[in-house]
Amino acid sequence: MAKAYERIADELRASIRAGQLAPGDQLPPESALVERFGRSHVTVREALRVLQVEGLIEKQHGRGSFVRRPRTRVQRDNSRHQWEKDRARQSDQERSETGATEHDTGLGVNDLVFHAAYREIGAPKEIAAAMGVPEGTALVERTYRTRYSAERAPFNLVTSYLIRERVASNPDLLDETKEPWPGGTWNQLYTVGIEIDRVEERVTARPPKAEEAEELDLPPGTSVLVLRKTSYDTEGLVVDMSDITLPGDRTEMLFTTHLERW
């Protein structure tokens, strides 16, 4: 038999899914729910906690609980890599018409808010080992945040590393004001004569760090997917490595493998 808080959660959940409580609507105050269901404040709070963990409601400090607006979902598939490589050699106009985020979300260029920041660092031990370079090698560390203009949280948290020596022949690749760059990293590397041969992606899941949960606006209990993307050139050298933190409540990873026929 369902517990009292579960029955309260069930009824409120049904109201949300039926549209009786629409996205952005405020739920009745806790005191009103106590009176409505004839249960204690503790029981009502537990029911609200369940809905919050499910991502159906959000609590706003000093205001109450609100039905959470659905977030734009992102589908990241492995066919995107060939699409990005083909796009790297297109004209400026063609590359400006769409980007990887638009590809993953179906949104348009004008729907997005983009931010990039660059800095030069010496490769820390772990990053140096992953990129196959000596510790302390000069890197360009780039952080990216892209969000839908109607939402406050970015789609993901991206930190990308380039080996400074390999890209310095094009000073624009060291300048964050040139972002967003039509064609992204694939075209940036193309401008200095680098062709990407293969991409390796490793995906793990873990609880978010506090700052990640806040920036991604994650419901309590939501995990993140952590994708390490390593790009190799035609000589087998690492030319770009990115660490991408993806919110588990609105990201789908799609992998399609085409097999040779007998």
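First things first, this report covers the structure right here in the doc. (Residues numbered from 1 in each chain as written. Predicted model: local features only at pLDDT ≥ 70, side-chain atom pairs only at ≥ 80, totals over all residues. Heavy atoms only, no water.)

### Notes on the overall build of the protein
Consideration 1: When helices and strands are tallied, the protein shows 10 helices and 10 strands.
Consideration 2: The buried share among the 262 residues of the protein stands at 43%.
Consideration 3: Long-range contacts, defined here as pairs at least 24 residues apart, represent 62% of the contacts in the protein between residues at least 6 apart.
Consideration 4: For the protein, the centre of its 37 positive side-chain charges and the centre of its 44 negative side-chain charges are spaced 5 Å apart. (Helix = DSSP H or I, 4+ residues; strand = E, 2+ residues; numbered from the N terminus. Buried < 20%, exposed > 50% of the residue type's maximum accessible area, 1.4 Å probe, protein only. Contact = heavy atoms within 4.5 Å. Lys, Arg positive; Asp, Glu negative; His and termini not counted. Charge placed at Lys NZ, Arg CZ, Asp CG, Glu CD.)

### Notes on the environment of Glu200
Consideration 1: Relative to the assigned elements, Glu200 resides in strand S7 (residues 196-206).
Consideration 2: Judged by relative accessible area, Glu200 falls into the partly exposed class, the value being 30%.
Consideration 3: Aside from chain neighbours lying at most four places away, what touches Glu200 is Arg228, Lys229, Thr230 and Tyr232.
Consideration 4: For Glu200, the side chain forms a polar contact with the side chain of Arg202, separated by 3.5 Å. (Polar contact = N/O pair within 3.5 Å; in protein donor to acceptor, adjacent residues only side chain to side chain.)

### Section: the packing of helix H1 (residues 4-17) against helix H2 (residues 30-37)
Consideration 1: In contact at an axis separation of 12 Å, H1 and H2 are set at 110° when each is read in the N-to-C sense. Classed by the angle they form, the pair H1 and H2 counts as roughly perpendicular. Listed contacts from H2 to Ile8, Glu11 and Leu12 of H1 are Leu33, Arg36 and Phe37.
Consideration 2: A breakdown of the residues in the contact of H1 with H2 according to their chemical character gives four nonpolar, no polar and two charged. (Axes fitted to C-alpha atoms, helices over the stretch in contact; angles between N-to-C directions. Parallel < 35°, antiparallel > 145°, perpendicular 65-115°, else oblique. Nonpolar A, V, L, I, M, F, W, Y, C, P; charged D, E, K, R; others polar.)

### Section: the layout of surface pockets
Consideration 1: Approximately 870 Å³ is the volume attributed to the largest pocket.
Consideration 2: Counting residues per element, the lining of the largest pocket draws most heavily on helix H6 (residues 100-105), which supplies five residues.
Consideration 3: Of the residues that constitute the lining of the largest pocket, the class distribution is 14 nonpolar, 13 polar and 13 charged. (1 Å grid on protein atoms, 1.4 Å probe; cavity = no way out; pocket = protein on both sides within 12 Å on 5 of 7 lines; lining within 4 Å. Points joined across faces, edges and corners; volume = space filled by probe spheres on them.)

### Some points on the packing of aromatic side chains
Each aromatic ring pair is summarised here by two numbers: the centre-to-centre distance and the angle between the ring planes.
Consideration 1: A full pass over the atoms with the stated rule returns one aromatic pair.
Consideration 2: On the numbers, 5.8 Å between centres and 35° between planes, the contact of Phe114 with Tyr144 is tilted. In this pair, Phe114 sits in strand S4 (residues 112-122) while Tyr144 sits in strand S5 (residues 138-148), placing the two residues 30 residues apart along the sequence.
Consideration 3: Here Arg198 stacks its cationic end above the ring of Tyr232, 3.9 Å away from the centre of that ring. (Phe/Tyr/Trp six-rings, centres within 6.5 Å; stacked < 30°, edge-to-face > 60°. Lys NZ or Arg CZ within 6 Å of the ring centre and 35° of its normal.)

### Some points on the sheet that holds strand S9 (residues 238-247)
Consideration 1: The strand order across the open sheet formed by six strands is S4-S5-S6-S9-S8-S7, and the pairing between neighbours is antiparallel. In the strand order of this sheet, the two ends are held by S4 and S7, each with one partner. Neighbour-to-neighbour, the strand axes of this sheet turn through a mean angle of 15°, independent of strand direction.
Consideration 2: Pairing between strand S8 (residues 224-233) and S9: nine bridges, direction antiparallel. In the sheet register, Tyr232 faces S9, and the bridge partner there is Val238. (Pairing = 2+ DSSP bridges.)

So far we have only geometry, and geometry alone does not tell us how the molecule works.
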